[in-house]
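Understanding the architecture of this molecule
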Amino acid sequence: MRDIRLMIVAVLLAGAQPSAAQQADLLLSKGVFAYEDVWYDSASTLLRRALSVRGADSLDTPRRARALTYLAASEVYRGRRDSSVAIFRRLLQESPRRLPDTLVFPPPVTSVYMGVRASLHGVARIRSTPQGVDLIIVAFTAHRLGVGVRVHDGDPVRSLFDGSVSDSIVVSWDGKKDDGTMAPNGAYDFVLIAFGPKGEIAKAVRFPVVLDQKDATAPPRPRSLEAPPLFPLTGLGGDAVELVLEATQRHLVVR
Amino acid sequence: MGFLAVSSMPWGEVTVDERRVGPSPQTAIALTPGVHEVRIFRPGYKAYFAKVRIEAGRTARLTRIALPDSSFR
């Protein structure tokens, strides 16, 4: 019986090459199958291969999340907890609202996930829109957050948000200054600050933004300089930038 | 000594010879050679029961066990 099972897995691993478009999906299905059959080394190999497919044939976001979840679980049962933590961290950065199915994954897996989630506090990413730039923040626990815009490495331009976030919030900047006039073309920083329980700055992250006017008849619109990066709101250090902040009850000043 | 691998959907608590082992999946439950009674149970679902023969140095596999919802007839 064991030999037959081994042969099935060997055939699955060595099977006929699918087209590139099918490959990632097929690797994902085989990886999940191997996980359910308690072949964790095989599951890990197959799921990593599924996740490594790039370009148009790569897994879409929900399938990536599924692959990452099964991969993290496989790593738990391979005794590689550190690897599982890193994979769950990646999952939370890519799909902050994704939760492992509690019918499928037992406490040894979900407890690792919850531990990573608690340590991250939340994630934020930036996106360009037709109106300007949005900062999308998902908080895993209630946090006081501040969001503002400053000239790149320079003076504050606009205070956008200062308050508690327990779930998620989208903060938009349309290129205007605090006085309602349009900011001049140039480089800016979208700045996110997470405050600690005593009001101290726990984390400050900047997202480069450029404001330019391509069409003389259209108003200038800011846009994100980078593909949407994701920044875990962890403790001090890491991505933190040198900022001096002055928080009042209503305004957040970024210097 | 032989081994038993168990997995189920949904996950459930595994007992072997009425000894609680932990939640499924279980990769390698160490057992003495011979026949053992395996049970997987989860509230709200019908329990699974099987007798498994364990051979020395080998791993018996009870994987992909479906636990039907207890409302299923």
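Everything below is about the structure printed above this text.
The structure reproduced in this document is the subject of the present report. (Residues numbered from 1 in each chain as written. Chains lettered and ligands numbered in written order. Predicted model: local features only at pLDDT ≥ 70, side-chain atom pairs only at ≥ 80, totals over all residues. Heavy atoms only, no water.)

1. Points about the nonpolar core
Residues and elements named next belong to chain A. Our working rule: We call a set of buried Ala, Val, Leu, Ile, Met, Phe, Trp, Tyr and Cys residues a nonpolar core when their side-chain atoms join them within 4.5 Å. Categorising residues by exposure relies on relative accessible area from a 1.4 Å probe, with only protein chains included: less than 20% of the type maximum marks a residue as buried, more than 50% marks it as exposed, and the intermediate range marks it as partly exposed. For the purposes of this entry, the term helix denotes a DSSP run of H or I that reaches at least four residues, the term strand denotes a run of E that reaches at least two, and both are numbered from the N terminus. Contact criterion: two residues are considered in contact whenever any of their non-hydrogen atoms come within 4.5 Å of each other.
Counting 40 residues, the largest nonpolar core has Tyr 35 and Phe 88 as its most contacted members. Sorting the residues of this core by element identifies helix 2 (20–36), helix 3 (40–52), helix 4 (61–77), helix 5 (81–94) and helix 6 (107–120) as the ones contributing at least two each. For this core, the element with the highest residue contribution is helix 4, accounting for nine residues. Among all residues touching Phe 88, those that are not within four sequence positions of it are Thr 69, Ala 72, Pro 100, Val 109, Val 112, Tyr 113 and Val 116. In terms of nonpolar packing, the next biggest core, distinct from the first, is built from 24 residues, Trp 173, Ala 183, Phe 207 and Leu 211 among them.

2. Digging into the pairing of strand 1 (residues 2–9) of chain B
Residue and element names in this part refer to chain B. Applied cut-off: Between any two strands, pairing holds if DSSP finds at least two bridges.
In terms of burial, strand 1 is a largely internal element, six of the eight residues being buried. Taken together, the four bridges between strand 1 and strand 4 (residues 26–31) define a ladder with antiparallel strand orientation. The partner of Leu 4 across the bridge, within strand 4, is Ile 29. Direction of pairing for strand 1 relative to strand 7 (residues 59–66): parallel, over a ladder of six bridges. Bridge pairing in strand 7 places Ala 5 opposite Arg 61.

3. Concerning the sheet that holds strand 3 (residues 19–23) of chain B
All names here are of chain B. The criterion, for reference: Here an angle of 0 to 180 degrees is reported between the N-to-C directions of two axes, which are lines fitted to C-alpha atoms, with helices fitted over the stretch in contact.
As summarised here, the arrangement of the four strands in space is 3-2-5-6, forming an open sheet in which the pairing is antiparallel. Across the chains shown, the open sheet's two edge strands, defined by having one partner strand only, are strand 3 and strand 6 (48–54). Averaged over neighbouring strand pairs, the angle between their axes works out to 25° when direction is ignored. One ladder, built from four bridges, connects strand 2 (residues 13–16) with strand 3; its direction is antiparallel. From the neighbouring strand, Glu 13 faces strand 3, where its bridge partner is Pro 23.

4. Here we look at the interface of chain A and chain B
Size of an interface: often given as the accessible area lost when the parts come together. The criterion, for reference: Accessible area, probed at 1.4 Å, shrinks when two parts are joined; the buried area is that loss added up over both. By salt bridge we mean one thing: a side-chain nitrogen of Lys or Arg within 4 Å of a carboxyl oxygen of Asp or Glu. Side-chain classes follow a simple rule in which Ala, Val, Leu, Ile, Met, Phe, Trp, Tyr, Cys and Pro form the nonpolar group, Asp, Glu, Lys and Arg form the charged group, and the remainder, Gly included, forms the polar group.
The interface of chain A with chain B comprises 18 residues on the first partner and 18 residues on the second. Taken together, both faces of the contact between chain A and chain B bury some 1,500 Å²; the carbon and sulfur share is 55%. On the surface where chain A and chain B come into contact, there are one salt bridge. As a salt-bridge pair, Glu 36 of chain A and Arg 64 of chain B come within 2.9 Å of each other at their nearest N and O atoms. At the level of elements, helix 1 (2–14), helix 2 and helix 6 of chain A are the ones that each hand at least two residues to the side of chain A that touches chain B. Looking at side-chain class alone, the side of chain A that touches chain B contains twelve nonpolar, one polar and five charged residues.

5. Overview of the packing of helix 5 of chain A against helix 6 of chain A
Residues and elements named next belong to chain A. Keep this limit in mind: In this scheme, roughly parallel covers angles under 35 degrees and roughly antiparallel covers those over 145, while 65 to 115 is roughly perpendicular and the rest are oblique. By definition, turning the near helix anticlockwise from the far helix through less than a right angle yields a left-handed crossing, and turning it clockwise yields a right-handed one.
Two elements in contact, helix 5 and helix 6, have axes separated by 9 Å at closest approach and are oriented at 60°. It follows from the interaxial angle that helix 5 and helix 6 lie oblique. At the point where helix 5 passes helix 6, the crossing takes the right-handed sense. Side by side, helix 5 and helix 6 meet where Arg 81, Ser 84, Val 85, Phe 88, Arg 89, Leu 91 and Leu 92 of the first sit next to Val 109, Val 112, Tyr 113, Val 116, Arg 117 and Leu 120 of the second. Residue classes in the contact of helix 5 with helix 6 are distributed as nine nonpolar, one polar and three charged.

Any link to function would need more than the numbers given here.
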